[in-house]
Amino acid sequence: MLVESAPDITPRGARFPGRYIQAKGAIGLLGQEAAGFGKRAVALLDRGIFDLLETDIAAALSGHVEAKLIRHGGECSEHEIGSLVAAARNAQAELIIGAGGGKALDTTKAAARDLGLPVIIVPTIAASDAPCSALAVIYNEDGTVAYDTFLPSNPNLVLVDTALIAKAPARFLAAGIGDALATWYEADSCRQSGASNCMRMPGVSLAFEIARVCRDTIFKYGAAALEECDAGQAGPALERVVEANILLSGIGFESGGVAAAHAIHHGLCELEDVHHHLHGEKVAIGVLAGLKIHGREDEFLKVRDFCRSVRLPTRLADIGIADATSDKLATVARRACRPGEIIHNEPIPVSEAAVLTALKELV
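The model shown is predicted, which means the values in this text are computed figures rather than measured ones. (Residues numbered from 1 in each chain as written. Predicted model: local features only at pLDDT ≥ 70, side-chain atom pairs only at ≥ 80, totals over all residues. Heavy atoms only, no water.)

A.B. asks: I'm lost on the pairing of strand S5 (residues 119-123) in this one. Help?
C.D. replies: The side chains of a regular strand alternate, residue by residue, between the two faces of the sheet. With five of its five residues buried, S5 lies for the most part within the structure. In the sheet, strand S4 (residues 95-100) pairs with S5 via five bridges, with the strands oriented parallel. Each bridged residue has a counterpart across the sheet, and for Ala99 the counterpart in S5 is Val122. Regarding topology, helix H4 (residues 102-115) serves as the crossover connection from S4 to the parallel S5, and that connection is right-handed. Across two bridges, S5 lies against strand S8 (residues 157-161) in parallel orientation. Across the sheet, Ile121 pairs through a bridge with Val158, a residue of S8. (Buried < 20%, exposed > 50% of the residue type's maximum accessible area, 1.4 Å probe, protein only. Helix = DSSP H or I, 4+ residues; strand = E, 2+ residues; numbered from the N terminus. Pairing = 2+ DSSP bridges. Right-handed = clockwise from strand over helix to strand, strands pointing away.)

Encoded structure:
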């Protein structure tokens, strides 16, 4: 007599933005898309490119949505979030729009949360997978990190104009490749260990397939995409890599889970040496260190060579740690391995000593 095993009823989940649109000239669609969410909006524009964006965004919204355009102050701080909330209330806004880099977008997402309003995100660089996420990093006014905040939902719409992204320095695109590089390795670690994703539950199988496609896409198209970006052209390779950096990596990290690479990134951020380097550049070092921890030498060499081909760092000196003292590396390892940290999502035990040994091999 066959006895059926009990069904697995462990909850599994995934997170996605409401909609995602990507194209050259996509900013021209902003007005007609925004009109579906409300008649009045405030639009927060990154202060560094406010003058570049103001005319195009005002033109795109004209005739569709009555909008007040605001220059972002620079930080995603409680003060900046509160100022945007007040401006939106004064304008009786029914919709919040954010355009620019990560801090402007996080400010927009957090304000939309506080107001209970829909939000449209318009990234102008593809330097990380943050635009699609339900996460905002809140900073103090002095630029230090205060805390991370998880939002109740992902953006209603992420509108990606690849012509704009192609105009940005290629270093931003390379950093996005570094952030996307971690997606597969961390999600696969969480799959093996059964660790929770950003929804505090294991990911569905689709999450891991998306993470795999993300990895395969950047491996195939990364170098060519950077060449297109150098030329200011949104060619076919750049289109594929922007999709991987923003959408595939965004879904992959939130729904698959995070582990050693980002924990080591957090540790690196304890050192003043690295403060002038981009998130994805430090994450790439975290990926390489994670592979060393696992003893996956063949995969390490493959990833190291890939990093070199897409202008990502492979040594600690490449991210400003020219003098990698034992004290500095111990600081990184201690922060990466603190209790409850995401490095413990790995399918093997990871100690401070293991991180320290791995980092020494990247000197």
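A.B. asks: Is there a simple way to think about unusual backbone geometry in this case?
C.D. replies: It is generally the case that most residues other than glycine have a negative phi and that most peptide bonds are trans. The phi dihedral of Gln92 falls on the positive side, at around 55°, and the residue is not glycine. Mapped onto the secondary structure, Gln92 falls in the loop between helix H3 (78-90) and S4. Residue Gln92 is classed as exposed on the basis of its relative accessible area, which comes to 55%. In this structure, Arg311 takes a positive phi of about 65° despite not being glycine. Residue placement: Arg311 occurs in the loop between helix H11 (297-309) and helix H12 (326-336).

A.B. asks: Is there a simple way to explain the sheet that holds S8 in this structure?
C.D. replies: Sheet strands line up and pair through hydrogen bonds in the backbone, either parallel or antiparallel. Taken together, the six strands give an open sheet; going across it, the order is S1-S8-S5-S4-S2-S3, and neighbouring strands pair in parallel fashion. Two strands lie at the open edges of the sheet, namely strand S1 (20-23) and strand S3 (66-71), each paired on one side alone. When the angles between neighbouring strand axes are averaged without regard to direction, this sheet yields 15°. In the packing of helix H2 (residues 50-61) onto the sheet, the strands contacted are strand S2 (40-45), S3 and S4, and the crossing angle to S3 comes to about 175°. Strand contacts of helix H8 (residues 236-256): S1, S5 and S8, with the helix running at about 155° to S1, the strand carrying the most contacts. (Axes fitted to C-alpha atoms, helices over the stretch in contact; angles between N-to-C directions. Contact = heavy atoms within 4.5 Å.)

A.B. asks: What is the right way to read the pattern of salt bridges from this model?
C.D. replies: Where charged atoms of side chains with opposite charge meet at close range, the side chains can pair. A complete count under the given rule lists 19 salt bridges for this structure. Of the charged contacts in the structure, one is a salt bridge between Arg71 and Asp51, with a shortest N-O distance of 3.4 Å. One end of the pair, Arg71, is in strand S3; the other, Asp51, is in helix H2, and 20 residues separate them in sequence. Under the relative-accessibility criterion, Arg71 is labelled partly exposed at 42%. Its salt-bridge partner being Arg311, residue Asp230 comes within 2.7 Å of it at the nearest N-O pair. Of this pair, Asp230 sits in helix H7 (residues 205-230) while Arg311 is found in the loop between H11 and H12, placing the two residues 81 residues apart along the sequence. Residue Arg311 is classed as partly exposed on the basis of its relative accessible area, which comes to 43%. Here the salt bridges share partners, and the residues they tie into one network are Glu270, Arg335, Arg338 and Glu341. (Salt bridge = Lys/Arg side-chain N within 4 Å of Asp/Glu carboxyl O.)

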